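# Tertiary structure, described
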Amino acid sequence: MKKFFMVLALASFSVAGMAQDETPELKYSVATNSFWSNWFISADVAYDAFYSNEEKGLGFSKSPLKDFRRNLGASVAIGKWFTPGLGLRTKVTGIWGRSVLTEDASSNAMKFWNAQEQVLFNLSNMLCGYNENRVWNFIPYAGVGILRNCDKNIYAHGASLGLLNTWKLSRNIAVNFDLGFNILDDDMEGTATSHDNYATSISTADRYFSAEVGLTFNLGKATWNKVPDVDAIKALHQSQLDALNAQLADANAENNRLNNLIKNHKCPEATAAAVTVKEVAAAPVSVFFNIGKSKVASKKDLVNLKALAEIAKDNNQKVVVTGYADSKTGSASFNQTLSEKRAETVKNELVKMGVAESQIEVVAAGGVNTLNPISYNRRATVEIK
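Residues numbered from 1 in each chain as written. Predicted model: local features only at pLDDT ≥ 70, side-chain atom pairs only at ≥ 80, totals over all residues. Heavy atoms only, no water.

## With respect to the overall build of the protein
Looking only at helices and strands, the protein has eight helices and 12 strands in total. Burial statistics for the protein: of 385 residues in total, 42% are counted as buried. Nonlocal contacts in the protein, meaning residues at least 24 apart in sequence, comprise 71% of its contacts between residues at least 6 apart. (Helix = DSSP H or I, 4+ residues; strand = E, 2+ residues; numbered from the N terminus. Buried < 20%, exposed > 50% of the residue type's maximum accessible area, 1.4 Å probe, protein only. Contact = heavy atoms within 4.5 Å.)

## Re the pattern of salt bridges
Side-chain pairing between opposite charges can occur once the charged atoms of the two side chains come close. All told, the structure shown has 12 salt bridges when counted by the stated rule. Put simply, Lys347 and Glu357 hold a salt bridge, and the shortest N to O gap is 3.0 Å. Here Lys347 is found in helix α8 (residues 332–352), whereas its partner Glu357 is found in the loop between α8 and β11 (360–368), with 10 residues between them in sequence. Connected through salt bridges with shared partners, the residues Arg89, Lys91, Asp178 and Glu212 form a single ionic network. (Salt bridge = Lys/Arg side-chain N within 4 Å of Asp/Glu carboxyl O.)

## Here we look at the side chain of Thr223
Note that Thr223 resides in the loop between β8 (206–219) and α5 (230–264). The class for Thr223 is buried, based on a relative accessible area of 10%. Polar side-chain contacts of Thr223 include one of 3.5 Å to the side chain of Lys221. (Polar contact = N/O pair within 3.5 Å; in protein donor to acceptor, adjacent residues only side chain to side chain.)

## Regarding the environment of Val144
Within the secondary structure layout, Val144 lies in strand β5 (residues 136–149). Taking the C-alpha atoms as reference points, Val144 and Ala159, 15 residues apart in sequence, are found 4.2 Å from one another.

## Some points on the sheet that holds β11
Sheet architecture is open: four strands sit in the order β9-β12-β10-β11, paired in mixed fashion. Each edge of the open sheet carries a strand with a single partner, namely β9 (285–288) and β11. When the angles between neighbouring strand axes are averaged without regard to direction, this sheet yields 20 degrees. Bridge count between strand β10 (residues 319–326) and strand β12 (residues 379–384): five bridges; the pairing is antiparallel. When the sheet's bridge partners are listed, Gly323 is paired in β12 with Ala380. Docked against the sheet, α8 engages β9, β10, β11 and β12, running at close to 150 degrees with respect to β11. (Pairing = 2+ DSSP bridges. Axes fitted to C-alpha atoms, helices over the stretch in contact; angles between N-to-C directions.)

## Describing unusual backbone geometry
For the bond from Asn372 to Pro373, the omega torsion is 5 degrees, close enough to zero to count as cis. Checked against the element boundaries, Pro373 lands in the loop between β11 and β12. Located in the positive-phi region is Asn38, a residue other than glycine, with phi close to 65 degrees. Looking at the secondary structure, you find Asn38 in the loop between α2 (23–27) and β1 (39–51). Despite not being glycine, Ile95 has its phi angle at roughly 90 degrees, a positive value. Take Ile95: it is sitting in strand β3 (residues 86–98). The class for Ile95 is partly exposed, based on a relative accessible area of 38%.

## Details of the sheet that holds strand β6 (residues 154–168)
Pairing in this closed barrel of eight strands is antiparallel, and the strands run β1-β2-β3-β4-β5-β6-β7-β8 around the ring. Between one strand and the next, the sheet's axes are offset by a mean angle of 25 degrees, whatever the strand orientation. For β5 and β6, the ladder comprises 14 bridges, and the chain directions are antiparallel. By the bridge assignment, Gly145 is partnered in β6 with Gly158.

## With respect to a nonpolar patch on the surface
Together, Ile41, Ile78, Leu169, Leu215, Phe217 and Leu219 give the surface a local cluster of nonpolar side chains, amounting to about 480 Å² of exposed area. Considering every element that reaches the nonpolar patch, the biggest residue donor is β8, with three residues. Within the element layout of this structure, Phe217 appears in strand β8. The partly exposed category is assigned to Phe217, whose relative accessible area is 32%. (Patch = residues over 30% accessible without salt bridge, like charges linked within 9 Å, V, L, I, M, F, W, Y side chains within 5 Å. Areas by Shrake-Rupley, 256 points an atom, 1.4 Å probe, with all protein chains shown as cover.)

## Focus on helix α7 (residues 301–315)
Between its first and last C-alpha atoms α7 spans 22 Å; for 15 residues at 1.5 Å apiece the expected length is 21 Å, and the two agree. Among the residues of α7, Asp301, Leu302, Asn304, Leu305, Leu308, Ala309, Ile311, Ala312 and Asn315 are the ones counted as buried. For α7, the angular spread of buried residues about the axis comes to 165 degrees, placing them on one side. Opposite the packed face of α7, turned more than 90 degrees from it, sit the exposed residues Val303 and Asp314. Positive phi shows up at Asn316, right after α7, with a value of about 50 degrees. (Expected span 1.5 Å × (residues − 1). Arc of directions from axis to C-beta.)

## Looking at the pairing of strand β7 (residues 173–184)
Across 11 bridges, β6 lies against β7 in antiparallel orientation. In the strand pairing of β7, Ala159 is matched with Ile183. In textbook terms, the turn of a hairpin is the stretch between consecutive antiparallel strands, and for β6 and β7 this stretch comprises four residues.

## Section: the confidence of the model for the protein
For the protein, the average pLDDT comes to 83, and 81% of its residues sit at 70 or higher. In the predicted structure, residues 194–200 sits below a pLDDT of 50 and forms six contacts with residues beyond four places in sequence or in another chain. Scored below 50 in pLDDT, residues 270–278 shows eight contacts in the model against residues more than four places distant or in partner chains. (pLDDT = per-residue confidence, 0-100.)

## With respect to the side chain of Arg342
Note that Arg342 resides in helix α8. Look at Arg342: it is buried, it has no salt bridge, and the nearest opposite charge is Asp326 at 5.8 Å. Residues in contact with Arg342, not counting those within four places in the same chain, are Phe289, Asn290, Ile291, Gly292, Lys293, Ser294, Tyr324, Ala325, Arg378, Arg379 and Ala380. (Lys, Arg positive; Asp, Glu negative; His and termini not counted.)

Printed below as a string of structure tokens:
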């Protein structure tokens, strides 16, 4: 039995390592959530069928439907998903069981509980990539723990393998169907039997099969945010900067042309000073923010902002700052307030760069879903009016 526990533990750590090191890189990339996110609780009604080592050679029917070996029970569990593919849960099952020492159901009756720590592997997310809208999740698990025969005050070691299936009803509720196999120490009934013809193995241990149906309730945040495409964001910034530089070059060329025209006509200095290009078109500049935050995510965004601020100052033009939030995160009222805070943050940066506060107009657009991926909507745009 001890060898079995060691092999099971080694296999669990190996698969957990594969889930952490390989799957997220190859299949999906998500942002790390806080410790308090992605918790869940579940409650099930269980059908259990028991098989004891002591019944060997007695010719008992192996059917799990026989009264002397089946009973109803219940289970409760609390757990947490650390990644979309890997989680842990603490599960307690039991109440009514069978010792299967005879074919008489009443004499076999016992009360018990079985507490285990189980490792969960969401193969749906591991193999197919994370999808918050997926309805069915296929989740094998393995665990170890302690069992107690309450009638005889006996404790025993236990291990389990199983398959948990969940069907999503809403963001926070799912129906679960759990099929499990539990192997226990041979002395669980208090009547350990030695079989000279059998080596110590699963076939000579007490065990039971279970089928459970119930509900799982997600606590707090139950989804994962995909990591923004940093390369795409950099490309977007670069394209905006290139457009701004091109327009600056056009404006400078036009100023030079007008200055040459004035010079060739020998206009007075005062006239030359009066003929100045005031209207300069500039591409909007985006300043990005992290989810739920109103602090600028990267100071590099302010480089582009400074160039636009210089245009506004030199030409005494109005600047419009529009704040946005992504509509898929938070309520409408929260997003409205957040977009206003983001716009005010960028306005304050412009003031620091020398733009008069009277030149700046602030607009709060609230939550939007105009850009893809959704993280691009967590921004404020700045443009010359």
